[in-house]
Amino acid sequence: MTRTDIESEIIRIFRDGFEIEHPEPDANLRDKYQFDSIDAIELLVAIENFLGSELTQAEKKRAMDIRSLRQVYDYVEALARKRLLFSEG
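Here we summarise the structure given alongside this text. Everything quoted here is computed from the prediction, not taken from an experiment. (Residues numbered from 1 in each chain as written. Predicted model: local features only at pLDDT ≥ 70, side-chain atom pairs only at ≥ 80, totals over all residues. Heavy atoms only, no water.)

### Section: the nonpolar core
Ile10, Phe14, Leu43, Ile47, Val72, Tyr75 and Val76 are the most contacted members of the largest nonpolar core, which totals 25 residues. The set of elements that each furnish at least two residues to this core consists of helix 1 (3-18), helix 2 (29-33), helix 3 (37-51) and helix 5 (69-88). A per-element tally of this core places helix 5 first, with seven residues. For tyrosine 75, the contacting residues outside a window of four places in its chain are Leu44, Ile47, Leu55, Glu59, Lys60, Arg62, Ala63 and Ile66. (Core = buried A, V, L, I, M, F, W, Y, C linked by side-chain atoms within 4.5 Å. Buried < 20%, exposed > 50% of the residue type's maximum accessible area, 1.4 Å probe, protein only. Helix = DSSP H or I, 4+ residues; strand = E, 2+ residues; numbered from the N terminus. Contact = heavy atoms within 4.5 Å.)

### Quick word on the environment of phenylalanine 14
Turning to its location among the elements, phenylalanine 14 is positioned in helix 1. Taking the C-alpha atoms as reference, phenylalanine 14 lies 15 Å from serine 37; in sequence the two are 23 residues apart.

### Remarks on the packing of aromatic side chains
Summed over the entire model, instances satisfying the criterion amount to three aromatic pairs. When the centroid spacing of 5.6 Å and the interplanar angle of 15 degrees are considered together, the rings of phenylalanine 14 and phenylalanine 35 count as stacked. Remark: phenylalanine 35 occurs in the loop between helix 2 and helix 3 and phenylalanine 14 occurs in helix 1; sequence separation between them is 21 residues. The buried category is assigned to phenylalanine 35, whose relative accessible area is 8%. Taken together, the ring pairs in this structure connect Phe14, Phe18 and Phe35 into an aromatic cluster. (Phe/Tyr/Trp six-rings, centres within 6.5 Å; stacked < 30°, edge-to-face > 60°.)

So, in structure tokens, the structure goes:
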């Protein structure tokens with residue numbers, strides 16, 4: 001999985017799940033798109049589905065600091081890297 005794969009999937013999730021057609025990477029999700037806590041939970045479930053594994057409580061807690069789409073990309077990339085390392089060891 002590449003960064004491009006991650007970005008494409010997250011954009012698809014925003015389009016299909018939240019009806020946000022062209023999200024701006026650095027816009028504040030809450031301010032610009034009225035993204036709320038229920039949306040955040042739905043996004044985490046979609047990320048779990050994309051990664052094919054459940055997030056830990058620590059990983060979910062880390063997501064609370066996310067404010068922009070670019071941060072979502074970084075978050076998912078870090079999760080994907082972590083899971084790749086774990087599957088190798």
